[in-house]
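# Observations on the three-dimensional arrangement
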Amino acid sequence: MRHPNVPESLDSWWILHQMFAFDRLTWDQLPQTQRTELIREAQTALEALKTSDDTDVGLAQMVGHRADLMITHYSKNYDGLAHAQTVIDKLRLTEYLASSTSYVSILELGLYDATAKIHAALSEQNLKPNTQEWNQGFDDLLKEQEKIPHHAGRLWAKIPQRRYVCFYPMDKKRGEDVNWFMLSYEERSKLMLEHGKIGRTFHGLVTQVISGSIGYDNYEWGVDLYADDPLVFKKLIYEMRFDEASAKYGHFGEFYSGMQFSLDQLETYLDGHQIPALNVLQPALKA
Ligand code: 76R
């Protein structure tokens, strides 16, 4: 943000998480030929979303009563997200899927450090906030951030192909006494730096995708974690709880966890067999 108190973010994929309850017993009563037909129809539609450069789709079998199936959509634009929702709605398979909840957000890379540096650089040029020159200078320097390989690689990475996924929405507290948004920029920046340090001790073990949802859904951020071992979620989230940014300011929504599976394993999932391992269609992405 051009405003001196607001950290900027680089934003990329629009994200829609859809949670469904699966009516397995009714599905099981369908004749094999009809099941096969519905599976093929779903695979064709999902394949188109998966192979397009502008969209991606992920499937996961969830554990616990809040959801049986999670479909994660990525889209390069908001309209595409609406279209992805329509594609799912039109599947005859959805006669057996009851939507339980959903979450709308956009992938973001938070830039506390870079925003402060940009503001310092503009001030050194004797530019004043809220002027056209400041705003222009800000936008130019921000564009540079997108090109940094560390950012560019993560911005448009597709859905991480790791077996286990954990999703939850969260806020930073905005109470009368404890209010993240009333802290100074420096304080928030320092806390996020500490947060990042703890996070990085899990580097390689977990791939984290943070998305912003202010204006689109009930919490401020969506957190997706992907790992090869589900125990990593508890270890990481527990450790984070001791860190001030989470301990004092974190406020969490409902937690969802499950196992990702690939499109060609849809039949295995629907027919109720255990999915042996995630068929990785693209190389596993490191955090
Ligand atoms: O990209 C970076 O390395 C920069 C550091 C970083 C930022 C800016 C980072 C690193 N995160 C950032 C932003 Mn995170 N993160 C969470 C949660 O459960 C909880 O207590 C909180 C949920 C986890 C588990 C997690 C993990 N992060 C954010 C933001 C936006 C805040 C804002 O802008 O004000 C939120 C809400 C958030 C929440 N974080 C990391 C991790 C991990 C594992 C890392 C290190 C990634 C790596 O280097 O591999």
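Scroll up a little and you will see the structure.
Residues numbered from 1 in each chain as written. Predicted model: local features only at pLDDT ≥ 70, side-chain atom pairs only at ≥ 80, totals over all residues. Heavy atoms only, no water.

### Points about the site of the ligand
Taken together, 24 residues lie near the ligand, and Y168, H195, H203, Q208 and S246 sit nearest. A distance of 2.8 Å separates an oxygen atom of the ligand from a polar side-chain atom of H203. Here an oxygen atom of the ligand sits 2.6 Å away from a polar atom, N or O, in the side chain of S246. Of all elements in the fold, only β5 (164–172), α7 (185–200), β6 (206–212), β7 (221–227) and α8 (231–241) reach the threshold of two or more residues within the shell around the ligand. (Near = heavy atom within 4 Å. Polar contact = N/O pair within 3.5 Å; in protein donor to acceptor, adjacent residues only side chain to side chain. Helix = DSSP H or I, 4+ residues; strand = E, 2+ residues; numbered from the N terminus.)

### Considering the pattern of salt bridges
Scanning the model with the defined rule gives 12 salt bridges in all. The network of salt bridges with common partners includes E37, E41 and R92. (Salt bridge = Lys/Arg side-chain N within 4 Å of Asp/Glu carboxyl O.)

### Regarding helix α3 (residues 78–90)
The end-to-end C-alpha separation of α3 is 19 Å, in line with the 18 Å expected for 13 residues at 1.5 Å each. Taken together, the buried positions of α3 are occupied by G80, L81, A84, V87 and I88. Mapping the buried residues of α3 onto a view down its axis gives an arc of 115°, with all of them on the same face. In this structure, α3 carries D79, D89 and K90 as exposed residues pointing more than 90 degrees from its buried face. Looking at the packing, one finds that the buried side of α3 touches β1 (8–22), α2 (32–51), β3 (69–75) and β4 (97–111). (Expected span 1.5 Å × (residues − 1). Buried < 20%, exposed > 50% of the residue type's maximum accessible area, 1.4 Å probe, protein only. Arc of directions from axis to C-beta. Contact = heavy atoms within 4.5 Å.)

### Points about the coordination of the manganese atom of the ligand
Put simply, the ideal angle at a metal is 109.5 degrees for four donors in tetrahedral geometry and 90 or 180 degrees for six donors in octahedral geometry. Protein ligation of the manganese atom of the ligand involves H195 (NE2) and Q208 (NE2), the donor distances falling in the range 2.2 to 2.7 Å. Exposure remark for H195: the relative accessible area of 22% places this residue in the partly exposed category. Looking at Q208, the relative accessible area reads 34%, which means it is partly exposed. (Donors = N, O, S within 2.8 Å, 3.2 Å for Na, K, Ca; no water.)

### Considering helix α5 (residues 132–147)
If you check α5, its first and last C-alpha atoms are 24 Å apart, about what 16 residues at 1.5 Å a residue would give, namely 22 Å. Among the residues of α5, those classed as buried are W134, N135, G137, F138, L142 and Q145. Buried residues of α5, seen end-on, are gathered within an arc of 160° and therefore sit on one face of the element. When the buried face of α5 is taken as reference, the exposed residues oriented beyond 90 degrees from it are Q132 and K147.

### Topic: the packing of helix α4 (residues 112–124) against α7
Contact geometry for α4 and α7: axes closest at 9 Å, N-to-C directions at 145°. Of α7, the residues touching α4 (which contributes Y112, T115 and A116) are Y185, R188, S189 and M192. (Axes fitted to C-alpha atoms, helices over the stretch in contact; angles between N-to-C directions.)

### Focus on the pairing of β1
Across the 15 residues of β1, 13 count as buried, placing the element largely inside the fold. Alignment of β1 against β3, held across seven bridges, turns out to be antiparallel. Each bridged residue has a counterpart across the sheet, and for I15 the counterpart in β3 is Y74. (Pairing = 2+ DSSP bridges.)

### With respect to the pairing of strand β9 (residues 256–261)
Across four bridges, strand β2 (residues 55–62) lies against β9 in antiparallel orientation. Its bridge partner lying in β9, A60 is registered against Q260. With four bridges joining them, β5 and β9 adopt antiparallel strand pairing. Among the inter-strand pairings, Y164 is bridged to a residue of β9, identified as M259.

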